[in-house]
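Chain by chain, the residues run as shown.
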Amino acid sequence: MDAKENFSALPWWVKWIAIPVIALVVFGGLISAVVGFIVGLLFKILVFAALVGGVIFLVRRFTSASSSSRGDW
């Protein structure tokens, strides 16, 4: 009897409730650490993109303002 036959012989509540709950208990810390790392990384990428966009906006604004004022002279 192989593992597939053993698994198929189990009741539905063992397959769909008990085994996922056991997996969450055993690997819950690892899963939450990985999810926390990914969310933190995405947040840092978002902050980085916003800061770079802000710097580019400010540089373009001040360089266009200084070039237009030079044209008035």
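For the structure itself, look to the data block above.
In short, a report on the structure. Note that this is a predicted model, so its numbers are computed, not measured.

This part covers the overall build of the protein chain. Of regular secondary structure, the protein chain possesses two helices and zero strands. Evaluated residue by residue, the protein chain yields a buried proportion of 1% over its 73 residues. Accessible area of the protein chain: about 6600 Å², with a carbon and sulfur share of 77%.

On to the packing of aromatic side chains, then. Tallied over the full model, the rule gives zero aromatic pairs. Its end group placed over the ring of Phe-7, Lys-15 keeps NZ or CZ at 5.9 Å from the ring centre.

Rules used in this analysis
Residues numbered from 1 in each chain as written. Predicted model: local features only at pLDDT ≥ 70, side-chain atom pairs only at ≥ 80, totals over all residues. Heavy atoms only, no water. Helix = DSSP H or I, 4+ residues; strand = E, 2+ residues; numbered from the N terminus. Buried < 20%, exposed > 50% of the residue type's maximum accessible area, 1.4 Å probe, protein only. Areas by Shrake-Rupley, 256 points an atom, 1.4 Å probe, with all protein chains shown as cover. Phe/Tyr/Trp six-rings, centres within 6.5 Å; stacked < 30°, edge-to-face > 60°. Lys NZ or Arg CZ within 6 Å of the ring centre and 35° of its normal.

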